[in-house]
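Below, each chain spelled out in residue letters.
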Amino acid sequence: MPLKKETKKLAKADHNSLWHPFTRHLEWEEEEPLIIERASGNYLIDTEGRRYLDGISSLWVTVHGHRKKELDQAVKKQLRKVAHSTLLGLSSVVAIELSEKLIKVAPSGLKKVFYSDSGSTSVEIALKMAFHFSRAGGDTKKTKFLSFTGAYHGDTVGSMSVGEVDAFVTQYKPLLFKGYKAPYPYCYRCPLKKEPATCNLECIKKLEEILKKNSSTIAGCIIEPLVQGAAGMITSPPGFLKEVRRLTKKYNVLLIVDEVATGFGRTGKLFASEHEKIKPDILCIAKGLTGGYLPLAATLTTEAIFKSFQGTKESPNAFYHGHTYTGNPLGCAVALANLKIFKDDKTIEKIQPKIKLLKNLLEPFKDLPFVGEVRQRGLMVGIELVADKKTKKPFPQNKRTGAKICRRARERGLIIRPLGDTIILMPPLSIKESELRKITKIVPDCIKAETEKNKE
Ligand SMILES: *Cc1c(COP(=O)(O)O)cnc(C)c1O
């Protein structure tokens, strides 16, 4: 079927004027872009009226599906009141209500909510808070951060500095501040060359070594709890996060938990921190906060950290940070409605059988040729492809195997994206069992089709 005139016009305009994020434009401009016009439930609909299952929650944000009635209504209702007012010198009804609700549902001990508008800014804020906190106590030696190999915390300069996904940060290395890196338990390719069965969590010992030697210079340790998302859904073994919390406490280093990806049910609980019952000193949330509707983020912290910014009566102080759209009321209103759905619909309870079903459906993937490892935590999945299962040798990068598989899936009506040669699945929590079956039928078909072609 030839494309509609309007689609062609839009495609041309896209190529003329739009610069896409994380996109190689030489390749992008070789093909017709898929242009989304509408959505409904778990489906995206393009300008040609074709429907696609949203297998990555529109980049990890959609929670209860698109065009969710309650969320649509929350935005409309707020629009009749005010779209935006500032939190600098003023407050707003919905920003207040949301901060109270977030404190109630977040891991205990977090008592103050600082709003911003993206995951990166929520991390940037967390780093500045931790840095300032140690200085407020008169300690000026704590100027560094401890993070993990393979980490991703965002694209601003501060958040890149604590990140380590090579392709994203290599170009900018001279700009970044230096810190310490501890090995994250990427057990399939252990950075310490150990085997999970016999390693005794050697990586934790490495973390302790760093802390023991350098804790007097470390303001905070930042971690993606349970799952490193952008690294390719690297799932950490049980107990790892709890140990990180124990050791950071032991060596008096603040723990910043970046739940930008894992928050809002993705791992099977509202927050990943709950699985190992840890209490972060600072918590970053964004992506799922508004159910995937509007850009809103928050950094939550303890009373002690908040107080450290107050100064004294004689010389009062402040956290001199804020973004213009901080705590945008439309975002806050829809975030409140998002949390209300979690409660009223018992969303967390309802996804448990889906997580189990997905686990069963993924089981046979392990036997496919070229599937090195299948990692799942809740509704977050990474399928790592390799050229050789025995040696774990990756495919040559320029073959773009992962990207081509996702392209094939699109022809079959499924939107997914790879991270390198790891195929990522992250369906909305509203995904139906029949849709999970559909996804797990399409993906292996596409893996087979592409890798068989590769063999020739
Ligand atoms: C996506 C992500 C971020 C960055 O969020 P943006 O809203 O894209 O700035 C930070 N941390 C983690 C763990 C993420 O997955």
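Keep in mind it's a predicted model, so treat the numbers as computed, not measured.

Looking only at helices and strands, the protein features 15 helices and 17 strands. Considered along the principal axes of its C-alpha atoms, the protein spans approximately 75 × 60 × 45 Å. Counting all 456 residues of the protein, 51% fall into the buried class. Total accessible area computed for the protein in this model is approximately 22,400 Å², and 55% of it derives from carbon and sulfur atoms.

A few words on the domain arrangement of the protein. Taken domain by domain, the protein consists of domain 1 (34-64 + 347-455) and domain 2 (72-344). Centre-to-centre separation of domain 1 and domain 2, based on C-alpha positions: 27 Å. Together domain 1 and domain 2 conceal approximately 2,600 Å² of surface at their shared face, both sides included; 60% is due to carbon and sulfur atoms. The three residues of domain 1 that bury the most area against domain 2 are W60, R377 and M380, which together make up 27% of that side's buried surface. Here domain 1 is connected to domain 2 by 1 salt bridge. Across the salt bridge formed by E384 and R189, the nearest N and O atoms sit 2.7 Å from each other. Along the contact surface separating domain 1 from domain 2 lie 18 residue pairs in polar contact (both at pLDDT 80 or more). Going through the elements one at a time, helix 3 (57-60), helix 13 (347-362), strand 13 (371-377), strand 14 (380-385) and strand 17 (422-425) are the ones with two or more residues in the side of domain 1 that touches domain 2. Residues belonging to the side of domain 1 that touches domain 2 are distributed by class as follows: 18 nonpolar, 10 polar and 5 charged.

It is worth spelling out the site of the ligand at this point. If you check the shell around the ligand, you find W60, S118, G119, S120, Y152, H153, G154, E224, D258, V260, A261 and K287 and nothing else. The contact in question runs from a nitrogen atom of the ligand to an N or O atom on the side chain of D258, over 2.7 Å. Within the side chain of K287, an N or O atom sits 2.6 Å from an oxygen atom of the ligand. For the ligand, the accessible surface in isolation is 380 Å², of which the surrounding protein chains cover 83%. The residue inventory of the shell around the ligand, partitioned by class, reads 4 nonpolar, 5 polar and 3 charged.

On to the sheet that holds strand 13. Each strand in a sheet pairs with another by means of backbone hydrogen bonds, the pair being arranged parallel or else antiparallel. Taking strand neighbours across the sheet as the criterion, the 4 strands line up as 13-14-17-16 in an open arrangement whose pairing is antiparallel. This sheet does not close on itself; its edge strands, each paired only once, are strand 13 and strand 16 (417-419). On average, adjacent strands in this sheet sit at an angle of 25° to one another, irrespective of strand direction. The strands touched by helix 13 within the sheet are strand 13, strand 14 and strand 17, with strand 13 carrying the most contacts at an inclination of about 175°.

Now for the environment of L429. Tracing the backbone shows L429 in the loop between strand 17 and helix 15 (433-455). When the C-alpha atoms of L429 and L241 are compared, they prove to be 24 Å apart, with 188 residues separating the residues in sequence. Each residue touching L429, except ones within four places of it in the same chain, is listed here: V63, F264, G265, R266, F342, T347, I351, K354 and L379.

All right, on to the pairing of strand 13 then. Two strands pair when backbone bridges link them, and strand 13 and strand 14 are joined in this way by 6 bridges, in the antiparallel orientation. Along strand 14, the bridge assignment pairs E373 with E384.

Let us look at a nonpolar patch on the surface. Nonpolar side chains collect at one region of the surface, where V157, Y172 and L175 lie side by side and expose about 280 Å² of accessible area between them. Checked against the element boundaries, V157 lands in helix 7 (residues 157-161). V157 sits in the partly exposed class, given a relative accessible area of 39%.

Relative to the assigned elements, S92 resides in the loop between helix 4 (69-79) and helix 5 (93-105). A residue is classified by how much of its surface remains accessible, and S92, at 8% relative accessible area, is buried. Within the local environment of S92, its side chain forms a polar contact with the backbone nitrogen of A95, the two atoms lying 3.2 Å apart. Contact partners of S92, with chain neighbours within four places excluded, come to S85, L87 and P329.

The next thing to look at is the packing of aromatic side chains. A full pass over the atoms with the stated rule returns 9 aromatic pairs. Where F114 meets F319, the ring centres are 5.1 Å apart and the plane angle is 55°; that geometry is what we call tilted. Taken as a pair, F114 in strand 4 (residues 112-116) and F319 in the loop between helix 11 (303-307) and helix 12 (329-344) lie far apart in primary sequence, 205 residues in all. Here F148 and F240 contribute two aromatic rings whose centre-to-centre distance is 6.0 Å and whose plane-to-plane angle is 70°, an arrangement assigned as edge-to-face. Residue F148 is located in strand 5 (residues 144-148), and its partner F240 is located in helix 10 (residues 240-250); the two are separated by 92 residues in the primary sequence. Through pairs of rings, three or more aromatic residues link up here, namely F114, F309 and F319.

Enumeration according to the criterion identifies 0 disulfides in this entry. Here C203 stays free of any disulfide, with the sulfur of C199 as its closest cysteine sulfur at 6.1 Å. Look at C203 and you get buried, because its relative accessible area is 9%. The closest cysteine sulfur to the non-disulfide-bonded C284 is located on C221, 12 Å from its own sulfur. Accessibility expressed as a relative area gives 0% for C284, which makes it buried.

Definitions and cut-offs
Residues numbered from 1 in each chain as written. Predicted model: local features only at pLDDT ≥ 70, side-chain atom pairs only at ≥ 80, totals over all residues. Heavy atoms only, no water. Helix = DSSP H or I, 4+ residues; strand = E, 2+ residues; numbered from the N terminus. Buried < 20%, exposed > 50% of the residue type's maximum accessible area, 1.4 Å probe, protein only. Areas by Shrake-Rupley, 256 points an atom, 1.4 Å probe, with all protein chains shown as cover. Domains from an automatic or database assignment. Buried area = accessible area lost by both parts, 1.4 Å probe. Salt bridge = Lys/Arg side-chain N within 4 Å of Asp/Glu carboxyl O. Polar contact = N/O pair within 3.5 Å; in protein donor to acceptor, adjacent residues only side chain to side chain. Nonpolar A, V, L, I, M, F, W, Y, C, P; charged D, E, K, R; others polar. Near = heavy atom within 4 Å. Pairing = 2+ DSSP bridges. Axes fitted to C-alpha atoms, helices over the stretch in contact; angles between N-to-C directions. Contact = heavy atoms within 4.5 Å. Patch = residues over 30% accessible without salt bridge, like charges linked within 9 Å, V, L, I, M, F, W, Y side chains within 5 Å. Phe/Tyr/Trp six-rings, centres within 6.5 Å; stacked < 30°, edge-to-face > 60°. Disulfide = S-S within 2.5 Å.

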